[in-house]
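What follows is each chain in one-letter form.
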Amino acid sequence: MSDTIERVKCLIIGSGPAGYTAAIYAARADMKPLMYTGMEPGGQLTTTTEVDNFPGYPEGIDGPTMMVQLQKQAERFGTEVRIGMVTSVEFSKEVGGIHKATVDNNKVIEAESVIISTGATAKYLGLPSEQKLRGGGVSACAVCDGFFYKGQDVAIVGAGDTAAEEATYLANICNKVTMLVRKDYMKASKAMQHRVTSTPNIDLRYNTEVDEVLGDMVVEGLRMKNNETGEKEEIAITGLFIAIGHKPNTDIFKGQLDMDETGYLITKGKTTKTNIPGVFASGDVQDKEYRQAVTAAGTGCMAALDAERYLATIETEEEVEA
């Protein structure tokens, strides 16, 4: 390991709406934040072609452009944005302690405060045709992209509460929703199952999986396969929504930060505080309920304010001791 060690007041791990918003607030508070973007600078929104539901963009904006603008705004106030991956961390449990983060396995950053905005990664089926058409009709967020398929026929894959909720959401704006459930039962709560089965334009298919997503540049159809009979069927659709869950990007924090059974970081009350003093979590890494760009940005603001207040408290205590 390199002996290069750098000390900063505020380290932001991860980018996206949460990270960049935290950076804007932290920089304006003269915390001189240093951000490492991670392997996907800008986060999940860089894979979204059109963002129509973020306040302030009446004509909509594509995800990558929005992230570039957020980065420029953060840099305007003094944030240093670096491309790099934090590969390990060593958090101090002491109030006022120094936290250590190793970047790309060789550079050590010492930080008085840390804001985590590493996000969560949507799970996909892994089919080549599905991956080819991501952004061309294949989406992992019905609330984000469903509007573009108003009055059209779509399909959704999943069996849990999120899938059921998104299926009924799509049913309100789409002509027909074909819902594919891999097993012969749904994992969703009874109430959510009832919402699905009582919605007339949801065609619920049990024991059914995606065999192939059809289309060259955009989704044009879907070939389904019954995993009991082996029978295949093609339907015409314009959108395919994958709702089989998300994986929070928290592996490097295991054993140090409190997290739930699926890996989402646990924050205290209505704050962004983790169980470690001076370490804060914002965005999808700690939000499995909403997962929207605007809510991520909101918690990014909160994390920066929490970090600023934490550092101010530490500085006050040091002055008193002096």
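So, how was this worked out
- Residues numbered from 1 in each chain as written.
- Predicted model: local features only at pLDDT ≥ 70, side-chain atom pairs only at ≥ 80, totals over all residues.
- Heavy atoms only, no water.
- Pairing = 2+ DSSP bridges.
- Helix = DSSP H or I, 4+ residues; strand = E, 2+ residues; numbered from the N terminus.
- Patch = residues over 30% accessible without salt bridge, like charges linked within 9 Å, V, L, I, M, F, W, Y side chains within 5 Å.
- Areas by Shrake-Rupley, 256 points an atom, 1.4 Å probe, with all protein chains shown as cover.
- Salt bridge = Lys/Arg side-chain N within 4 Å of Asp/Glu carboxyl O.
- Lys, Arg positive; Asp, Glu negative; His and termini not counted.
- Charge placed at Lys NZ, Arg CZ, Asp CG, Glu CD.
- Axes fitted to C-alpha atoms, helices over the stretch in contact; angles between N-to-C directions.
- Buried < 20%, exposed > 50% of the residue type's maximum accessible area, 1.4 Å probe, protein only.
- Contact = heavy atoms within 4.5 Å.
- Disulfide = S-S within 2.5 Å.

A. Looking closely at the pairing of strand E13 (residues 221-226). Summarising the sheet, strand E12 (residues 208-214) and E13 pair through six bridges and their orientation is antiparallel. When the bridges of E13 are listed, Val-213 appears paired with Leu-222. In this antiparallel pair of consecutive strands, E12 and E13, the connection spans six residues, and Gly-215 shows a positive phi of 135 degrees. With five bridges connecting them, E13 and strand E14 (residues 232-236) associate as antiparallel partners. Each bridged residue has a counterpart across the sheet, and for Leu-222 the counterpart in E14 is Ile-235. Between E13 and E14, which pair antiparallel and follow one another directly, the connecting turn spans five residues, one of which, Gly-230, has a positive phi of 80 degrees.

B. Seen up close, a positive patch on the surface. A contiguous patch of positive charge on the surface is contributed by Lys-123, Arg-182, Lys-183 and Lys-187. Mapped onto the elements of the fold, Lys-123 is located in the loop between strand E7 (120-122) and helix H3 (128-132).

C. Just the sheet that holds E12, in detail. Strand order across the open sheet formed by three strands is E12-E13-E14, with antiparallel pairing between neighbours. Single-partner strands in this sheet number two, and they are E12 and E14. Each neighbouring strand pair of the sheet contributes to a mean axis angle of 25 degrees, computed without reference to strand direction.

D. Broad picture of the environment of Asp-161. If you trace the backbone, Asp-161 turns up in helix H5 (residues 161-173). Looking at Asp-161, the relative accessible area reads 38%, which means it is partly exposed. As a C-alpha pair, Asp-161 and Val-181 span 20 residues in sequence and 12 Å in three-dimensional space. Ignoring sequence-local partners within four residues, the contact set of Asp-161 consists of Ala-188, Ser-189 and Met-192.

E. Quick peek at the sheet that holds strand E10 (residues 176-180). Spatial ordering of the open sheet is given by E8-E15-E9-E10-E11, a layout of five strands whose pairing is parallel. The open sheet has two free edges, formed respectively by strand E8 (138-139) and strand E11 (202-205), since each of these has just one partner strand. By the bridge criterion, four bridges tie strand E9 (residues 153-157) to strand E15 (residues 239-242) in an arrangement that is parallel. Paired with Ile-156 across the strands is Phe-241, a residue of E15.

F. Highlighting the pattern of salt bridges. Applying the stated rule across the entire model yields 15 salt bridges. For Arg-82, the salt bridge goes to Glu-6, with nearest N and O atoms at 2.9 Å. Within this pair, whereas Arg-82 is found in strand E3 (residues 80-82), its partner Glu-6 is found in strand E1 (residues 5-13), the two being separated by 76 residues in sequence. The class for Arg-82 is buried, based on a relative accessible area of 18%. On the basis of relative accessible area, Glu-6 is assigned to the partly exposed category, the value being 21%. Three or more residues are tied together by salt bridges with common partners; here these are Asp-211, Glu-212, Arg-223, Lys-232 and Glu-234.

G. Examining the state of the cysteines more closely. As enumerated under the stated definition, the model contains one disulfide in all. Unpaired in this structure, Cys-10 has its nearest cysteine sulfur neighbour in Cys-301, at a distance of 13 Å.

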